[in-house]
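# Tertiary structure, described
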There are 2 protein chains.
Amino acid sequence: MTEPLRLGIAGLGTVGAGVVKIVRKQAKLLEARTGRRIEISAVSARDRQKDRGVNLANYDWEDDAVVLAKRDDIDIFVELMGGSDGPAKAATEAALAAGKDVVTANKALLAIHGQALAEAAEAAGRVIRFEAAVAGGIPVIKALTEGLAGNEITRVMGVMNGTCNYILTRMESEGLGYNALFDECARLGFLEADPQLDVGGIDAAHKLAILSAIAFGTQPDFDGVEIEGIERISLEDIRQAADMGYRIKLLGVAARSPRGLVQRMQPCLVPAGSPIGQLEGGTNMVVIEGDAVDQIVLRGPGAGEGPTASAVMGDICDLARGLRIPTFGIPATQLETMPAALTGMPAPYYLRMALMDKPGALAKVAAILGDAGISIDRMRQYGHTNNTAPILIVTHKTTRAALDMALSAFEKTDVVASEPVTLRIEEV
Amino acid sequence: MTEPLRLGIAGLGTVGAGVVKIVRKQAKLLEARTGRRIEISAVSARDRQKDRGVNLANYDWEDDAVVLAKRDDIDIFVELMGGSDGPAKAATEAALAAGKDVVTANKALLAIHGQALAEAAEAAGRVIRFEAAVAGGIPVIKALTEGLAGNEITRVMGVMNGTCNYILTRMESEGLGYNALFDECARLGFLEADPQLDVGGIDAAHKLAILSAIAFGTQPDFDGVEIEGIERISLEDIRQAADMGYRIKLLGVAARSPRGLVQRMQPCLVPAGSPIGQLEGGTNMVVIEGDAVDQIVLRGPGAGEGPTASAVMGDICDLARGLRIPTFGIPATQLETMPAALTGMPAPYYLRMALMDKPGALAKVAAILGDAGISIDRMRQYGHTNNTAPILIVTHKTTRAALDMALSAFEKTDVVASEPVTLRIEEV
Ligand SMILES: NC(=O)c1ccc[n+]([C@@H]2O[C@H](COP(=O)([O-])OP(=O)(O)OC[C@H]3O[C@@H](n4cnc5c(N)ncnc54)[C@H](OP(=O)(O)O)[C@@H]3O)[C@@H](O)[C@H]2O)c1
Ligand SMILES: NC(=O)c1ccc[n+]([C@@H]2O[C@H](COP(=O)([O-])OP(=O)(O)OC[C@H]3O[C@@H](n4cnc5c(N)ncnc54)[C@H](OP(=O)(O)O)[C@@H]3O)[C@@H](O)[C@H]2O)c1
């Protein structure tokens, strides 16, 4: 095991440059820890002239990541370009076919093409590692796949998009509306090129699909994730929730249920005093529950150069030390397909809407909820505006189906003045 | 890799019985995850007749753990007897000498004899794994050794003795004194046979010594840990701390400093709103800081059958999957010896004492602090009892040496009526 381990790094942006820096700065430490020298043979990015804050003079340059992936002088192809398709996918496939292991930070790639890539890797006798793809610097893939390998996992939850959590936290702390914070994030460079990936919940859903594949031994099923973004969360909801002791978080939940695999990524109310409720800004948190371990909670930076490069380096060190595990913890051909249980388990719901300010309006709403079998835990009417009266209802546990039934019944009445806001209340 | 992996398990108490249960219950899952059948060849404990809630009929029985450790039909010796010396040490050494890998939950053994055992393991080409030895079900050894292998670790902190945290939490929540809670813990079976291990901070210090060896690449140095138990913490201190927005926790801190390795396990004040401040009951928390990752926080059950067995099984699965890492992350012969920096970095301190109720008493105390170069952040005198006046002082950052100078000056005056309580205030 004294031969150097040679990397080919495609993508020299935030994460790629961070990885190059660690390989250079910590060469001695990495060799002590892994027993091998870790070297970079070649790199690739779009613009060869760009200053990336790190000296690349000693590495070969490839314009084409696919060519890099196949070079004879690399052992690991490190994919840090991003994107579920295009060069990231092509180069990853080329690397596996050429007998290279792959380390990537690309959640979109894994969530969408994970099954095919895992099969390709195993057919080629290679491995794919992707710690950085989920929850940045937190070694959550490792905890789930390895540390908790003796557990039947029962539930995984997570706040895994720092930008959304930043927006939601600052809406409460600064009293600013969603749009103002969206603009702030754009200015600060906190948003992906396609902001829908962040605020639409898609990036976080990619991560959830990866976690649930490992947790439940199922093929990654991104299409099975019920996704709702944070765009419709108003300051009003944040305040009302806070008033009742809750915070609104973009929360992912994955669990096996009798009706199939539950995968939800949606804004939820969580108790303000719970670990998830207290999570501020860009920090991520993942909660893993297993039959033996009960519950563990992992918290840390979900993005950024250092934390993400730290996770990439963890994978590289694992490979240097000879750890070889199937992509999603068990061989790809043994991963189950499980139907998506779209509605999930019953839960209490938060319901906010404006009623027409006329006699009997409240009674009608209450009757509709009663007919749908939904009982009310708390209800509050607060103030009046323009002939409408805002009301807030917290239900006892109910199913999404019952709630949808009530919502469509509301539509048919003439007393509901605005489309109701409904948010699940999650016990965490 | 299709040969079964054969275990010999010595110790069938809380943890050992838990491991046997998981091996039996999750046989299929474990095989899918590791690619190998995991089998038990033989077991050992003191009392062959005892009902352990699990069927042992299919396993050979050995009265002598050393004999078990050397059996030809085992690949891994699983040491779950406990104790830093005696049969645990003898059997572990015998296993390594006989070419077996070792998995243990024994923090005392690793903290005290870790260096010698690591050397023995490496000389024999074998590995020792011990995830369960620190923070129960939390995969913290794995996070530190593997997940964060790309980091230079800067600080490790942890609340790692559930019994102490249970006592301290309940002192505040129930308003009960230390002795009442000690008795409750004894009744509930929360205390080790030698309770000093728990309330004296020794068990937690064992864990800290293990973590700091891995974090800083140093030989485990249990003797270098500055240890203070929780026996002297009074309800009064808990209340005064709470009043100022702090909680008292038995907190371990390890860091490299210019003067050597800091390892402290002592009751500290931490902000009540911080993750560590909010930790309730038997739950453990470990905070790891590294140059790339910044900070990650891991939280989970620190003890109990399921969580501890989960950690043991994680190690067994790692070995089944072929992961082989030096005991403390780098080869034992490369571990540094570093002097203990006994006093640590400056910090603010909490100081409570009773003054004789005579004119000028407070002025004398203030003068002594001033002479020692200690400036006062807050001071409060509250009530009177029997001619004495309790006072509470929070200092600005100061060194332990300056504080000790002030404490010995207090002794020489005639105004201090009780031995002062001093507690470090830790920024977490
Ligand atoms: N940033 C984070 O905090 C973070 C956290 C977790 C995971 N990730 C994941 O890490 C990956 C990289 O993210 P990033 O933030 O580092 O992105 P980035 O800063 O936008 O960098 C992307 C890099 O890929 C290069 N690239 C793009 N297309 C290429 C092509 N066809 N051939 C070769 N190189 C190409 C770019 O080259 P030029 O520089 O020449 O344009 C750039 O260096 C993504 O999958 C992302 O989801 C990022
Ligand atoms: N309990 C926890 O939550 C926890 C958490 C983390 C780490 N640990 C560690 O795990 C280890 C085991 O703890 P435990 O709580 O399971 O202890 P335990 O319940 O007291 O069990 C100890 C077992 O060792 C057996 N034993 C003692 N001396 C022996 C000898 N000379 N030969 C063979 N067997 C012997 C005992 O046999 P008999 O049953 O016949 O008396 C018993 O089965 C310790 O190192 C402990 O520090 C425990």
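Note on numbering: residues in each chain are counted from 1, in written sequence order. Note on labels: chains are lettered from A, ligands numbered from 1, in written order. Whole-chain, interface and lining totals are the exception, using all residues; otherwise, since this is a predicted model, local features are given only for residues with pLDDT of at least 70 and side-chain atom pairs are given and counted only at 80 or more. Processing note: side-chain calculations cover all non-hydrogen atoms of the structure and skip hydrogens and water entirely.

Taking an unreviewed UniProt entry as the reference, chain A is identified by name as Homoserine dehydrogenase belonging to Lutimaribacter marinistellae. UniProt positions are given in the numbering used here, feature names are shortened, and annotations may be inferred rather than shown by experiment. The heading Sequence similarities (unreviewed entry) in the UniProt record of chain A holds the text "Belongs to the homoserine dehydrogenase family."

## Observations regarding the UniProt feature "domain: ACT" (unreviewed entry) in chain A
Mapped onto the present numbering, the UniProt feature "domain: ACT" (unreviewed entry) falls at residues 350-424 of chain A. Helix and strand definitions here come from DSSP, where helices need a minimum of 4 consecutive H or I residues and strands a minimum of 2 consecutive E residues; each element is numbered from the N-terminal end. Secondary structure across residues 350-424 of chain A divides into 32% helix and 33% strand, with the first and last C-alpha atoms of the span separated by 6 Å.

## Digging into the pattern of salt bridges
The rule for a salt bridge is simple: a side-chain nitrogen of Lys or Arg has to be within 4 Å of a carboxyl oxygen of Asp or Glu. Applying the stated criterion across every chain, the model contains 61 salt bridges over all chains. Lys364 of chain A is paired through a salt bridge with Asp414 of chain A; the nearest N and O atoms lie 3.5 Å apart. In this pair, Lys364 of chain A sits in helix H13 (residues 361-371) while Asp414 of chain A sits in the loop between helix H14 (400-412) and strand S16 (421-425), placing the two residues 50 residues apart along the sequence. Accessible area is worked out with a 1.4 Å probe on protein chains only. A residue is then buried under 20% of its type maximum, exposed over 50%, and partly exposed in between. For Lys364 of chain A, a relative accessible area of 38% translates into the label partly exposed. With a closest N to O distance of 2.5 Å, Arg37 of chain B and Glu39 of chain B form a salt bridge. Taking the relative accessible area as the measure of exposure, Glu39 of chain B reaches 27% and is therefore partly exposed.

## Observations regarding the pairing of strand S14 (residues 376-381) of chain A
Residue and element names in this part refer to chain A. DSSP bridges decide pairing: two strands pair if at least two such bridges lie between them. Strand direction decides the pairing type here: S14 and strand S15 (residues 388-395), joined by five bridges, are antiparallel. Within S15, the residue paired with Arg378 across the bridge is Val394. Following S14, the chain reverses through six residues before pairing antiparallel with S15; Gly383 in that reversal takes a positive phi of roughly 65°.

## Here we look at the relation of the copies chain A and chain B
In this comparison the copies share one frame, found by least squares on the C-alpha atoms of residues holding pLDDT of at least 70 in both. Relative to chain B, chain A is turned by 180° and slid 0.0 Å along the rotation axis, the superposed coordinates differing by an RMSD of 0.0 Å. Expressed as an axis order, the relation between the two copies is that of a two-fold axis. Should any heavy atoms of two residues lie within 4.5 Å, those residues are counted as being in contact. A shared binding surface is used by both copies, with 100% of the interface residues of chain A retained as interface residues in chain B.

## Quick look at the domain arrangement of chain A
When the parts of a complex come together, some accessible area is lost, and that lost area is often used as the size of the interface. All names here are of chain A. Segmenting chain A into domains produces domain 1 (5-133), domain 2 (142-300) and domain 3 (349-425). A C-alpha centroid distance of 28 Å is found between domain 1 and domain 2. Here domain 1 meets domain 2 over a buried area of about 910 Å², counting both sides, of which 63% is carbon and sulfur. Along the contact surface separating domain 1 from domain 2 lie two salt bridges. For Asp203, the salt bridge is made with Lys107, and the minimal N-O distance between the two is 3.5 Å. Any pair of N or O atoms that falls within 3.5 Å is considered a polar contact. Within protein, one atom must be able to donate a hydrogen and the other to accept it, and sequence-neighbouring residues count only if both atoms are side-chain atoms. On the surface where domain 1 and domain 2 come into contact, there are three residue pairs in polar contact (both at pLDDT 80 or more). By residue number, the principal contributor to the side of domain 1 that touches domain 2 is helix H5 (residues 107-123), which donates seven residues. Three residue categories are used. Nonpolar comprises Ala, Val, Leu, Ile, Met, Phe, Trp, Tyr, Cys and Pro, charged comprises Asp, Glu, Lys and Arg, and polar comprises the others, including Gly. Of the residues contributing to the side of domain 1 that touches domain 2, the split by class is six nonpolar, two polar and three charged. Domains are outlined according to an automatic or database domain assignment. Once two parts are brought into contact, the accessible area they lose, counted with a 1.4 Å probe and summed over both, makes up the buried area.

## Observations concerning the site of ligand 1
Residues and elements named next belong to chain A. Here, proximity means that at least one heavy atom of the residue falls within 4 Å of the molecule or strand. Taken together, 22 residues lie near ligand 1, and Leu12, Val15, Asp47, Arg52 and Gly304 sit nearest. Interatomic distance of 2.9 Å between a backbone N/O atom of Gly13 and an oxygen atom of ligand 1. Note that an oxygen atom of ligand 1 is positioned 2.7 Å from one of the backbone N or O atoms of Asp47. Computed with a 1.4 Å probe, the accessible areas rest on the Shrake-Rupley method; for each residue, only the protein chains presented here act as cover. In the complex, the protein chains occlude 79% of the 900 Å² of accessible area that ligand 1 would expose alone.

## Overview of the sheet that holds strand S2 (residues 38-44) of chain A
Residues and elements named next belong to chain A. Strand order across the open sheet formed by six strands is S3-S2-S1-S4-S5-S6, with parallel pairing between neighbours. Either end of the sheet is taken by a strand with one partner, and the two such strands are strand S3 (60-62) and strand S6 (128-129). With two bridges connecting them, strand S5 (residues 101-104) and S6 associate as parallel partners. Bridging from a neighbouring strand, Val102 pairs with Ile128 of S6.

## Side note on the packing of helix H7 (residues 162-174) of chain A against helix H11 (residues 235-243) of chain A
All names here are of chain A. Axis separation between H7 and H11 bottoms out at 10 Å; the angle between their running directions is 75°. Taken together, the axis directions place H7 and H11 in an arrangement best described as roughly perpendicular. Of the residues in H11, those touching H7 at Leu168, Met171 and Glu172 are Leu235, Ile238 and Ala242. Across the contact of H7 with H11, the residue classes tally to five nonpolar, no polar and one charged. Convention adopted: a line fitted to C-alpha atoms gives each axis, helices being fitted over their contacting stretch, and angles between N-to-C directions are expressed from 0 to 180 degrees. Geometric relationships in this document are graded by angle, where less than 35 degrees denotes roughly parallel, more than 145 denotes roughly antiparallel, 65 to 115 denotes roughly perpendicular, and other angles denote oblique.

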